Amino acid sequence: WETKMSPHTPQITRTMTRKRRSNNSDSSSSASTAPSSTTKKSSMKRINKTKEPKKQQPKSSINGIVVVCVLLAFVFAALITLNPAPQDDKQQTDNAKLKQKDEVVSTEEEQGENTKVEEEDEIASKTTTTTITAEERILFAGEEYYNVLEVIPHQPSRSLFTQGLTYHNGLLYEGTGINGESALYTINPSSGAIVKRASLEKRFFGEGIAFYHNDENQPRIIQITWREQTGFIYDADTFDVVHEFEYDTSTSEGWGITYHPEWKEFVVSDGSSNLMFWDRDTLVEKRRVEVWLPFADEEGRVMTPPKKARTVKHINELEWYKGDILANVWYNDVIIRIDPLTGSVRRVYDFKSLYTDRDGSEDCFNGISVSDVEGELFVTGKWWPSLYRIKLLD
């Protein structure tokens, strides 16, 4: 029985063992009276010494060790969580790329949502801020506030995406758009025939143009571009580019441009409700004016002093006319007359009956130029088959 004891033997078993060893000692002390018994008991004592199990740790010590081990395990796990094992360079690089990709995807999704919101806002702005309503047309102008004097062929092939018109010394100049088709033209205003052409590089989308004389009284034409923020100044006689420049606007785009000879300033539109005034010689912006419609009564009389009703966005082609600025409004068959000092709209000229026989291949009404007769203008549209010489009844 004693040879089968193990370190996990219960406490009572160890007590019994100690009692047996005590009895053996008592027997050994009486060896003088029983020699043969002493020999036997000595032999048993040697057996007990050989087979006695190893001394066990107290139970309290075992429990303490278990608790310490458990605590060490928790501490080790926490250290691993806070300080993961170092990865090799490739693994770290791959993880960094995956994280970057996730960030890019997240950013693209966010930008996509923002773009969608911006597009919806843009559509809303066109309907609420840009459109000149029927009531405003009547209040400020009337159905027929101009006379058509002449209809002139305007490239029947409809190849001219008109972005700007200007006039000087018996010749009409036209700037056109579309990448790969943008150009500057000289046109015979009597026949509509093209006299001269200078093409822009394919990367440029041409926009408005204006004729002027520089400080040396040399004839010049300035042309801006849509989103390239690049402008060109031409010799008006040869169409040679004499200067190329960079510019910025409130939308970072260029739409229309005209010239004020007395102020020696260019007036520039960028599709917003702002007009920017540039110094002729430095091409530096000097100030901005916001275009707005004033309140008017039922008979068209504007409040005095004028009070702003709302701003007008998408101001497009421009022309200087009798101290005011004439402007097209993108996708509206109107010309508005603007006070250059205040931005207030003085009058709205309604042109919806000018060209009614449209088949869908044309684009919007755009293009205004003075002529050699005071009060008479040339007007047209993008890909329109005709130019119109008109007279405003103001």
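Just above sits the structure.
No experiment lies behind these values; they were computed from the predicted model shown. (Residues numbered from 1 in each chain as written. Predicted model: local features only at pLDDT ≥ 70, side-chain atom pairs only at ≥ 80, totals over all residues. Heavy atoms only, no water.)

A.B. asks: So what exactly am I meant to see when it comes to the overall build of the protein here?
C.D. replies: Each helix and strand counted, the protein has five helices and 22 strands in total. Long-range contacts, defined here as pairs at least 24 residues apart, represent 50% of the contacts in the protein between residues at least 6 apart. (Helix = DSSP H or I, 4+ residues; strand = E, 2+ residues; numbered from the N terminus. Contact = heavy atoms within 4.5 Å.)

A.B. asks: Would you mind going over the sheet that holds strand β9 (residues 241-246) with me for this structure?
C.D. replies: Strand pairing in a sheet is mediated by backbone hydrogen bonds. Such pairs are either parallel or antiparallel. Taken in spatial order, the four strands line up as β6-β7-β8-β9 in an open sheet, and their pairing is antiparallel. Lying at the two open borders of the sheet, with one neighbouring strand each, are β6 (206-213) and β9. Averaged over neighbouring strand pairs, the angle between their axes works out to 20 degrees when direction is ignored. Pairing of strand β7 (residues 219-225) with strand β8 (residues 230-235), which is carried by five bridges, proceeds in the antiparallel orientation. Bridged to I221 within β8 is Y234. (Pairing = 2+ DSSP bridges. Axes fitted to C-alpha atoms, helices over the stretch in contact; angles between N-to-C directions.)

A.B. asks: I'm lost on the sheet that holds strand β5 (residues 194-199) in this one. Help?
C.D. replies: Strand order in the open sheet made by the four strands is β2-β3-β4-β5, with antiparallel pairing throughout. Sheet topology places β2 (162-168) and β5 at the edges, where each strand pairs with a single neighbour. Averaged over all adjacent pairs, the angle separating strand axes in this sheet is 20 degrees, with direction ignored. Pairing between strand β3 (residues 171-176) and strand β4 (residues 183-187): five bridges, direction antiparallel. Its bridge partner being in β4, L172 is matched across the sheet by I187.

A.B. asks: Before we go on, may I ask you to explain the nonpolar core in this structure?
C.D. replies: Burial of nonpolar side chains together is a common tendency in soluble globular proteins. Ranked by size, the top nonpolar core spans 18 residues in total, and within it L275, V291, I315, I325 and I336 carry the most contacts. If you list the elements that add at least two residues to this core, you get β12 (274-279), β16 (315-321), β17 (324-329), β18 (332-338) and β19 (345-350). Counting residues in each nonpolar core, the second largest holds 16 residues, with L326, Y349, V379 and W384 among its members. (Core = buried A, V, L, I, M, F, W, Y, C linked by side-chain atoms within 4.5 Å. Buried < 20%, exposed > 50% of the residue type's maximum accessible area, 1.4 Å probe, protein only.)

A.B. asks: Sorry, what's going on with the side chain of T258 here?
C.D. replies: Looking at the secondary structure, you find T258 in strand β10 (residues 257-260). Residues in contact with T258, not counting those within four places in the same chain, are A210, E265, F266, V267, L318, E319 and W320.

A.B. asks: What exactly am I supposed to notice about the pairing of β18 here?
C.D. replies: Here β18 lies mainly inside the structure; seven of its seven residues are buried. Burial along β18 is two-sided: the face carrying N332, V334, I336 and I338 and the face carrying D333, I335 and R337 are both buried. Hairpin connection between β17 and β18: a loop of two residues separates the two successive antiparallel strands, and Y331 in this loop has a positive phi of roughly 60 degrees. With antiparallel pairing between neighbouring strands as the criterion, β18 and β19 make up a hairpin whose turn holds six residues, including G343 at a positive phi of roughly 85 degrees.

A.B. asks: Can you help me understand the pattern of salt bridges in this one?
C.D. replies: Here the idea is simple: oppositely charged side chains can pair when their charged atoms come close. As enumerated under the stated definition, the model contains 16 salt bridges in all. Two residues, E253 and R227, come together in a salt bridge whose shortest N-O distance is 3.1 Å. Of this pair, E253 sits in the loop between β9 and β10 while R227 sits in the loop between β7 and β8, and the two are 26 residues apart along the sequence. Judged by relative accessible area, E253 falls into the buried class, the value being 14%. The salt bridge partner of R337 is D324, with a shortest N-O separation of 2.8 Å. Within this pair, whereas R337 is found in strand β18, its partner D324 is found in strand β17, the two being separated by 13 residues in sequence. By the burial criterion, R337 is buried, and D324 matches it. In this structure, a network of salt bridges that share partners links the residues E150, D372, E376 and R389. (Salt bridge = Lys/Arg side-chain N within 4 Å of Asp/Glu carboxyl O.)

A.B. asks: What am I meant to see in the packing of aromatic side chains here?
C.D. replies: In this description, a pair of aromatic rings is defined by centroid distance and the angle of the planes. A complete count under the given rule lists 25 aromatic pairs for this structure. Relative to F351, the ring of Y146 has its centre 4.2 Å away and its plane inclined at 20 degrees; by these criteria the two rings are stacked. Of this pair, Y146 sits in strand β1 (residues 146-153) while F351 is found in the loop between β19 and β20 (365-370), placing the two residues 205 residues apart along the sequence. Each member of the pair, Y146 as well as F351, is classed as buried. Between F232 and Y234, the aromatic rings sit 6.4 Å apart at their centres with planes inclined by 45 degrees, giving tilted as the arrangement. Taken together, the aromatic side chains of Y146, F351, Y355, F365, W384 and Y388 make up a single cluster linked through ring pairs. It is K196 that lies over the ring of F239; its NZ or CZ is 5.5 Å from the centre. Residue placement shows R287 over the ring face of F277; its charged tip is 4.2 Å from the ring centre. (Phe/Tyr/Trp six-rings, centres within 6.5 Å; stacked < 30°, edge-to-face > 60°. Lys NZ or Arg CZ within 6 Å of the ring centre and 35° of its normal.)

A.B. asks: Just to check I follow, could you spell out the environment of F295 for this structure?
C.D. replies: Residue position: F295 is located in the loop between β14 (292-294) and β15 (308-311). Sequence separation of F295 and K307 is twelve residues, and the distance between their C-alpha atoms is 5.9 Å. Each residue touching F295, except ones within four places of it in the same chain, is listed here: R301, V302, M303, K307, K308 and A309.

A.B. asks: Can you help me understand unusual backbone geometry in this one?
C.D. replies: Leaving glycine out, the prevailing phi sign among residues is negative, and the prevailing peptide bond configuration is trans. The phi torsion at F239 lies on the positive side, around 65 degrees, for a residue other than glycine. Along the polypeptide, F239 turns up in the loop between β8 and β9. For F239, a relative accessible area of 6% puts it in the buried group. A positive phi is found at L283, a non-glycine position, where the angle reads about 60 degrees.

A.B. asks: What is the right way to look at the side chain of N366 in this model?
C.D. replies: Its location among the elements puts N366 in strand β20. For N366, a relative accessible area of 0% corresponds to the buried category. Of note is the side chain of N366, whose polar atom sits 3.2 Å from the side chain of N316. Dropping the residues within four chain positions of it, N366 is found in contact with T162, Q163, N316, E317, N328, T380, G381 and K382. (Polar contact = N/O pair within 3.5 Å; in protein donor to acceptor, adjacent residues only side chain to side chain.)

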